[in-house]
Each structure stands twice: as C-alpha cells, then as structure tokens.
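The lines below spell out each chain.
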Amino acid sequence: MLTNHLSEGKPSLGWHAFFEHQLKSIAADGNMTLARVVEAQREAFLVDDGRSERWCTLSGRLRHELLRPIDLPAVGDFVLVRATPGADTGQITRTLARRGAFMRKAPETGALQIVAANIDVAFVVSALNTDHNLRRIERYLAMVWESGAMPVVLLTKSDLCADLERSIARVEAIAPGVTVLAASAVNQTGVEDVRHRIRPGMTAVLLGSSGSGKSTLVNALLGRNAQAVQQVSAHMDKGRHTTTARKLLHVPGAGMIIDTPGMKELQLTEADAGVSQTFNDIEQLAAACRFSDCNHQSEPGCAIRVALEEGRLDRDRYKSYQKLQRESAYEARREDTNLARLEKERWKKIHTANKRRPPKWMR
Ligand SMILES: Nc1nc2c(ncn2[C@@H]2O[C@H](COP(=O)(O)OP(=O)(O)OP(=O)(O)O)[C@@H](O)[C@H]2O)c(=O)[nH]1
Ligand SMILES: [Mg+2]
Ligand SMILES: [Zn+2]
C-alpha cells in the first residue's frame, strides 16, 4: 500500500500533478509512504511525509542501483519511504523523477551533484557592496534557466549601497525579463517582496557567493534564527562557508526555501539552453546576421558587429556570452565522456562479479 499525506499536508510540501502521474507506474511492494527530502547528508536523509519527519538511509537495493552521484536523493526530492516498524527511522526505496534540478561539480571529484531538486523559484543573491559582479549574475541566471526554475535577482545589503536605483538598473540591463529585487536585513526592507515571490506550495532556493547574506535573509523571512550567519569578523575569510548543509525550511505565510552554502566557483552544467535565455538579446541580434552560421568575425552583413560598433551591444556582455558558450560546449563534451566512462565501469563491475570464483565449499 502506498500512503500519501503530502497533498493534505499543512503547510503544503509542494506535491504536484507531475509526481502524481508517476505513481501510476509504481507498484508498491509492502507499505510505502511518500515523503520529501528536507535535508541530505552523505548517508542519511531527513524526510517529511506531511505528518512527521524521520531520518532515513538508502535501501540496499536502491544503493545497488545507483549509478551516478546525481541519482542520490537530494534536498527537495520526492521519495518512497519504508518506515522501520516501531522506530522513527526508515529506508528510501525510490526517488521520483525530478521536475528540474540544480547541479554543480563537486570541487573534490568533479562529479556532478544535485544542489537542490524540484525548485520553482531561484533567487540569485548578490550583495550590493563588495560582491556586486554582473558577470557572475549572468552565470547564475544561465544556470537557473536551465534548471527549470524561475529566476529572481535579489540584491542584498541595500543599506550599504549609495545609489540603489543605478545598481538595480545595471542589473536589469543584463537580465532582460527577470525581476530584480533589493533587500536589507539591517533596515528590514525588501523582505516582504521576497516572501511574496514564494507562494504557498512553491519551493525556492537561494544561490550566491559566500557572505552575500543568504542565511541572514532566511532568518528574516522565518522570523527566527534558524540558520547560522557569518560573524562580522569572519567577513574577510573568503574560503569558509558558514552554511554547510542544505535544508528545506517553511516560510511563514509562504512556501518553502532552501538555503545553500555559497558556491565559490560556479561550475556550469548543461547550461546551453540557459545561456540562450540569459542572452536572448544577443541571440536575437545574431538571427539578423546575413549568414545563419555567422561567426561574427569578418563575415559581411554581421548584425552583432554592427551592434558592437554602434554601441547598442555592450562589449563586456558579448565577451561573457562567448565565454559561457565555449564553456557549455566544453561541458557537453565532458559529460558525454563521463557517462561513457561510468557505463564502462558498471560493466566491468558486473563482469568481475561474474568471474568471482565460488566459495571453497562449493568447489
Ligand atoms: N549591512 C548588511 N550586512 C548584512 C546584510 N545581510 C547580511 N549581512 C552580513 O553579511 C555577512 C554574511 O551573511 P550570511 O547570511 O552569513 O551570508 P551567507 O550568504 O549565508 O554566507 P554562506 O553561508 O557562507 O554562503 C554577515 O556578517 C551578515 O551580518 C544586510 O542586509 N546589510
Ligand atoms: Mg549561509
Ligand atoms: Zn554575425
């Protein structure tokens, strides 16, 4: 029997028709409960089934079937859980297919990891004092578009900004069609604008550099100190992240939010489509080039070159577009080789297992 309290759960946990459809093809063996992953550690996962939370491990079978790190349950995933009788623990037996996800490359291994799954809105957080880097915002936006979530740029520490209007305008210029908000935890301004963007049942994520004020904002939204924030003295210590775990939290009067550790170096993954959307203006210009395969170098009738010369297209923005395009082409090739390698390893494993000699007593 398959139990589902997620849709009746209050506050709602973001259950969606997309997941309901998947249930048709799932034969529940034994008693299973649907739940959402609230926190993911290396081996243990905190899940919420709409009534209670419990820590789970992976079932032996699921562990066996896992091929890649991205198949591991991640915060925001919907999973099937087999509760341990008489205890408040359980085992995850299956992860439902995701509506979308944020991925990054693990700094240590280079393997793809899921940062957060099934996200509706992603706040690209950038502090208005030191951290204000337009190129980085572009990179984050490309990543958000690719994840299937709706991006919002959130400029924090507005109390430290002398010319707020100008800063907002600069960001708006590089983020066509994206809402740009400003907030200050010191003045308590802009927090309600953020809350308003996270409708009940929706799941939001905060992305941005370490120290940009993500956890401070989460605390302002929650009205309590749920997340540890950096000490002011730690400000200069760029290498350390205050937030280490990713956790799904309920925002009063709104949906859910996931605070993440700042990503020091944004590692793009499959950002192809995302790059196009972020640089929609450039792609539109390119569509007006005389040749459809124009390299925008010396070809006659190149609309990009004309726009650059006439100052209608910012040179830095065009450079960053080219750079992202090169990177995402490189990523696409890399991922192909990675998959091929994993598949090879898997077969090698199966092969070795078959070759293993039977135990002595059988021979
Ligand atoms: N002046 C000012 N300082 C702020 C504001 N919001 C956050 N800060 C300060 O910025 C520092 C970093 O804030 P955090 O919320 O810990 O940053 P974070 O993005 O969560 O950092 P990581 O968890 O390391 O990724 C802290 O010292 C905060 O007090 C703000 O609106 N104005
Ligand atoms: Mg933090
Ligand atoms: Zn051209």
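Before reading on, note that the structure itself is shown above.
Residues numbered from 1 in each chain as written. Chains lettered and ligands numbered in written order. Predicted model: local features only at pLDDT ≥ 70, side-chain atom pairs only at ≥ 80, totals over all residues. Heavy atoms only, no water.

### Digging into the nonpolar core
In this structure, Trp15, Leu96, Phe102, Val153, Leu155 and Val205 are the most contacted members of the largest nonpolar core, which totals 42 residues. No other element matches the six residues that helix H3 (residues 134-147) contributes to this core. When residues no more than four places from it in sequence are discounted, the contact partners of Val153 are Val124, Ile137, Leu141, Val171, Val178, Thr179, Val180 and Leu181. In this structure, Leu181, Val218, Val251 and Ile257 belong to the second largest nonpolar core, which totals 21 residues. (Core = buried A, V, L, I, M, F, W, Y, C linked by side-chain atoms within 4.5 Å. Buried < 20%, exposed > 50% of the residue type's maximum accessible area, 1.4 Å probe, protein only. Helix = DSSP H or I, 4+ residues; strand = E, 2+ residues; numbered from the N terminus. Contact = heavy atoms within 4.5 Å.)

### Focus: the coordination of the zinc ion (ligand 3)
The coordination sphere of the zinc ion (ligand 3), as far as protein atoms go, consists of Cys289 (SG), Cys294 (SG), His296 (ND1) and Cys302 (SG), spread over 2.1 to 2.4 Å. Bound by four donor atoms, the zinc ion (ligand 3) shows angles of 103 to 117 degrees at the metal and therefore tetrahedral coordination geometry. For the zinc ion (ligand 3), all donor residues lie on one chain, and their spacing in sequence is C-x4-C-x1-H-x5-C. Of the two residues, Cys289 and Cys294, both sit in the buried class. (Donors = N, O, S within 2.8 Å, 3.2 Å for Na, K, Ca; no water. Tetrahedral: all angles 85-135°; square planar, octahedral: opposite > 155°, others 65-115°.)

### Here we look at the packing of aromatic side chains
In total, this model carries six aromatic pairs according to the counting rule given. Measuring from ring centre to ring centre gives 5.7 Å for Trp15 and Phe19, while their planes differ by 35 degrees; the resulting arrangement is tilted. Phe19 shares its class with Trp15; the two are buried. Among the aromatic residues, those joined into a ring-pair cluster are Trp15, Phe18, Phe19 and Phe78. (Phe/Tyr/Trp six-rings, centres within 6.5 Å; stacked < 30°, edge-to-face > 60°.)

### Comments concerning empty space enclosed by the protein
Applying the stated criterion across every chain, the model contains one cavity of 30 Å³ or more. The space that makes up the largest cavity amounts to roughly 30 Å³. Taken together, Gly14, Phe19, Arg36, Phe78, Arg99, Asn118, Asp120, Gly201 and Thr203 make up the lining of the largest cavity. The two domains that each donate at least three residues to the lining of the largest cavity are domain 1 (2-95) and domain 2 (101-259). (1 Å grid on protein atoms, 1.4 Å probe; cavity = no way out; pocket = protein on both sides within 12 Å on 5 of 7 lines; lining within 4 Å. Points joined across faces, edges and corners; volume = space filled by probe spheres on them. Domains from an automatic or database assignment.)

### Here we look at the pattern of salt bridges
By the definition in use, this model includes nine salt bridges. Between Asp120 and Arg99 there is a salt bridge, and its shortest N-O distance comes to 3.2 Å. One end of the pair, Asp120, is in the loop between strand S8 (112-117) and strand S9 (121-127); the other, Arg99, is in the loop between strand S6 (89-95) and strand S7 (101-105), and 21 residues separate them in sequence. For Asp120, a relative accessible area of 19% corresponds to the buried category. Here Arg99 falls in the partly exposed class, since its relative accessible area comes to 37%. Here Arg317 and Asp281 are joined by a salt bridge, their closest N and O atoms 3.1 Å apart. In this pair, Arg317 sits in helix H10 (residues 315-355) while Asp281 sits in helix H8 (residues 280-287), placing the two residues 36 residues apart along the sequence. Residue classification places Arg317 among the buried residues on the basis of a relative accessible area of 4%. Its relative accessible area of 27% is what places Asp281 among the partly exposed residues. One salt-bridge network, in which partners are shared between bridges, spans Arg135, Glu138, Asp281 and Arg317. (Salt bridge = Lys/Arg side-chain N within 4 Å of Asp/Glu carboxyl O.)

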